[in-house]
Amino acid sequence: MKDHQVLFRSTRGDRENVDASSAILRGLAPDGGLYVPDHLPRFTRTMRDFAQMSYQECAYEVMRMLLTDFSDRELKASVTAAYDEKFDTRAIAPVMCCGNAYFLELWHGATMAFKDMALSILPYLMTCAAHRKKEDKEIVILTATSGDTGKAALAGFADVPGTRIVVFYPKDGVSPTQERQMVTQAGDNVHVIGVDGNFDDAQNGVKALFTDEALIGRMSEAGYRFSSANSINIGRLVPQIVYYVYAYAKLLREGEIGNGYEVNICVPTGNFGNILAAYYAQWMGLPVRKFLCASNSNKVLFDFFQTGVYDRNRAFILTDSPSMDILISSNLERLIYHITGDDAEKDAALMKRLVREGRYEISAQMKEELQRFHGGYASEEACAQAIRDAYDEYGYLIDTHTAVGYAVHKQYVKETGDDTATIIASTASPYKFTRAVLNALDNKPMREGAGKEDDFALAERLSKKTGTQIPAPFEALRNAKVRHKDTCDVDGMKASLKRILSL
Ligand SMILES: *Cc1c(COP(=O)(O)O)cnc(C)c1O
């Protein structure tokens with residue numbers, strides 16, 4: 001037994017507290033709320049201690065604080081299996097210094113985006129949880145994807161014993177590279193199906209399968225149960241706390257900051273998961289002064305921090321940072337719950353209003369609790385400018401999502417004069433968004449020339465122009481064998497799943 005126990009409860013008021021294993025297996029709480037820790041323990045290691053650790057050691061030390069029902073052996077094995085040669089650098093998450101901005105590169109995993117940081121370990125946490133709960137059924141991860149999450153989940157769950165993963169993607173709704181990344185995925189337990197429809201169709205289809213009682217009954221008889229790798233799973237949030245601690249410790253070790261120095265943390269934000277992990281890290285003892293929440297033109301969160309009103313009633317804008325094109329940031333619900341003083345009733349009322357009216361307003365008292373947050377946003381032009389600036393000033397190449405963070409950081413420094421050392425989450429490799437990055441460097445609109453060169457030609461051009469290397473996972477795609485050719489229409493999703501599971 002551990003000397004402390006962290007339990008998880010729903011933001012919407014289920015009085016039942018569950019351990020981490022149950023929360024991870026369930027994903028969402030039965031009342032539709034998100035699982036939050038009943039308290040956040042303080043780190044038992046100092047930042048100086050963390051400074052001596054490898055990424056894997058750091059991950060173990062941080063995660064054991066929250067996943068208290070996991071044994072040391074289980075956690076260590078999960079960490080070792082997750083953060084191995086799948087990452088192209090032993091640092092796992094290197095930090096690059098550009099003046100007072102420190103880019104924390106979270107894209108050295110198999111799919112070249114930050115989702116790998118959590119999705120590399122989630123499958124192991126989930127199988128440990130299943131084992132602990134004497135769950136003898138095979139876990140079926142069912143996902144609808146608009147691109148990045150699907151591939152990261154496929155790569156994470158591929159050939160993990162006791163699991164199957166089924167990904168539905170909109171046939172005409174993902175980029176050619178994203179589609180190629182998915183249909184070439186190897187593994188005996190992976191299934192990829194193109195749906196004739198858009199992302200919403202695929203998403204709604206998956207939601208319907210998740211709640212289909214008859215189907216769930218049939219699956220149970222055949223020895224299967226559903227689970228979710230979605231970003232609201234607490235098993236994705238906890239591994240994301242690690243890299244903020246790791247980055248801080250690295251800056252301390254290298255003498256960039258002194259012990260106890262309060263850094264700022266800037267995160268290009270969509271679903272609010274990544275920045276929430278930084279906020280949790282602060283509660284656990286990481287010295288942070290400000291959180292800069294960076295949005296693209298879909299600036300719901302900027303408006304929220306400005307006014308206290310969350311309002312999704314607005315046009316959805318397609319930008320060149322597509323993984324941040326979101327109008328409902330699901331993980332914000334966790335922050336809302338905490339700033340009500342952990343009042344599930346108040347949280348549930350606000351979320352109900354969001355569903356009914358598409359907006360809600362928080363009280364003045366709740367707004368007081370948000371003083372550590374600064375909301376900013378970057379237009380497409382500002383984002384292109386930030387890519388040019390980083391390259392011209394430091395010879396450093398960033399992608400379109402990271403550029404949103406860098407642009408917001410620059411504006412913030414200009415507005416406030418606050419030149420605190422700032423960790424900026426770098427969330428994707430520039431090679432995932434070559435056309436936009438090349439156009440930004442050439443001072444052209446980021447969309448220009450779409451369709452003229454394929455993604456491989458663009459990557460070569462970017463590599464030649466900047467002297468940077470094409471990442472291995474991208475190179476490997478060129479000759480990868482297509483393994484998945486199944487397609488279906490929206491009404492055929494259930495039949496496809498039944499065929500896959502031989503039901
Ligand atoms: C998912 C994603 C984000 C947004 O992260 P959230 O945790 O949803 O806020 C930012 N950049 C990239 C490249 C992503 O894939």
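For the structure, check the block above.
What counts and how
- Within each chain, residues carry numbers counting from 1 in the order of the written sequence.
- Given that the model is predicted, a residue must reach a pLDDT of at least 70 before its local features are reported, and side-chain atom pairs must reach 80 or more before they are shown or counted; all residues, however, enter totals for whole chains, interfaces and linings.
- Values reported for side chains reflect all heavy atoms of the structure, with hydrogen atoms and water molecules removed beforehand.
- One speaks of a salt bridge when a side-chain nitrogen belonging to Lys or Arg is within 4 Å of a carboxyl oxygen belonging to Asp or Glu.
- Put simply, DSSP marks the helices as runs of H or I at least four residues long and the strands as runs of E at least two long, and each gets a number from the N terminus on.
- Burial here depends on accessible area, computed with a 1.4 Å probe over protein chains only, as a share of the maximum for the residue type. Under 20% is buried, over 50% is exposed, and the range in between is partly exposed.
- Near, as used in this document, describes a residue that has one of its heavy atoms within 4 Å of the molecule or strand being considered.
- Polar contacts, as counted here, are pairs of nitrogen or oxygen atoms within 3.5 Å of one another; within protein the pair requires one atom able to donate a hydrogen and one able to accept it, and residues that are adjacent in sequence qualify only if both atoms are side-chain atoms.
- In this description, accessible areas are obtained by the Shrake-Rupley approach with a 1.4 Å probe, and a residue is regarded as covered only by the protein chains that are shown.
- Here the nonpolar group is Ala, Val, Leu, Ile, Met, Phe, Trp, Tyr, Cys and Pro; Asp, Glu, Lys and Arg are the charged ones; every other residue, Gly included, is treated as polar.
- Paired strands are those between which DSSP finds at least two bridges.
- For helices, the fitted axis covers only the stretch in contact; all axes are lines through C-alpha atoms, and the angles between them, taken along N-to-C directions, range from 0 to 180 degrees.
- For each structure, a 1 Å grid was placed over the protein atoms alone; sets of points admitting a 1.4 Å probe that cannot get out are labelled cavities, open sets with protein on both sides within 12 Å along at least five of seven lines are labelled pockets, and lining residues have an atom within 4 Å of a point.
- Grid points are joined across faces, edges and corners, and a volume is the space filled by probe spheres set on the points.
- Note on contacts: a residue pair qualifies if any of its non-hydrogen atoms lie within 4.5 Å across the two residues.

Novice: Outline the pattern of salt bridges, listing residues and values.
Specialist: Following the criterion strictly, the structure yields 23 salt bridges and no others. The partner of aspartate 19 in a salt bridge is lysine 133, with the nearest N and O atoms 2.8 Å apart. With a gap of 114 residues between them, aspartate 19 in the loop between β1 (8–10) and α1 (20–26) and lysine 133 in the loop between α6 (122–132) and β5 (138–144) connect regions that are remote in the sequence. According to the relative accessible area criterion, aspartate 19 is buried, its value standing at 16%. The residue glutamate 453 makes a salt bridge to arginine 461 at a minimum N-O spacing of 2.8 Å. Relative accessible area serves as the criterion here: at 35%, arginine 461 is assigned to the partly exposed category. Among the charged side chains, a salt-bridge network with shared partners connects Arg45, Glu61 and Arg64.

Novice: Outline the site of the ligand, listing residues and values.
Specialist: If you check the shell around the ligand, you find 15 residues, and the closest are Lys115, Gly270, Asn271, Asn274 and Thr427. A distance of 2.9 Å is found between an oxygen atom of the ligand and a backbone nitrogen or oxygen belonging to asparagine 274. Starting from 390 Å² of accessible surface for the ligand in isolation, the protein chains cover 95%. A per-class count over the shell around the ligand returns five nonpolar, eight polar and two charged.

Novice: Explain unusual backbone geometry residue by residue, including any values.
Specialist: Positive phi, normally seen in glycine, also occurs at isoleucine 92, with a value near 65°. Turning to its location among the elements, isoleucine 92 is positioned in the loop between α4 (72–82) and β3 (95–98). Under the relative-accessibility criterion, isoleucine 92 is labelled buried at 1%.

Novice: So what about the sheet that holds β3? Which residues, and what values?
Specialist: Pairing is mixed across the open sheet formed by six strands, whose spatial order is β3-β4-β14-β9-β10-β13. A single partner strand is all that each edge strand has here, and the edge strands are β3 and β13 (373–377). Strand-to-strand twist across the sheet, computed as the mean angle between neighbouring axes with direction ignored, equals 25°. Where strand β9 (residues 263–268) meets strand β10 (residues 288–295), six bridges bridge the pair, whose relative direction is parallel.

Novice: Outline the sheet that holds strand β7 (residues 190–196), listing residues and values.
Specialist: Here five strands make up an open sheet; going across it, the order is β8-β5-β6-β7-β15 and the pairing parallel. Bordering the open sheet on either side are β8 (224–227) and β15 (487–489), each of which pairs with just one other strand. Ignoring which end each strand starts from, the neighbouring axes of this sheet average 30° apart. Pairing geometry for β5 and β8, over four bridges, is parallel. Within the sheet, the bridge partner assigned to valine 140 lies in β8 and is phenylalanine 226.

Novice: How would you explain the layout of surface pockets if you had to name every residue and give the values?
Specialist: Volume-wise, the second largest pocket comes out at about 260 Å³. In terms of lining residues, the second largest pocket is bounded by 15 residues, among which Trp107, His108, Tyr431, Thr468 and Gln469 are the most central. Residues that form the lining of the second largest pocket fall into these classes: nine nonpolar, four polar and two charged.

Novice: I'd like to hear about the environment of arginine 461, residue by residue, with values.
Specialist: By the element assignment, arginine 461 lies in helix α20 (residues 455–466). Considering only alpha carbons, one finds arginine 461 and serine 10, 451 residues apart in sequence, at a separation of 49 Å. Arginine 461 has contacts with Leu438, Asp442 and Glu453, leaving out every residue within four places of it along the chain.

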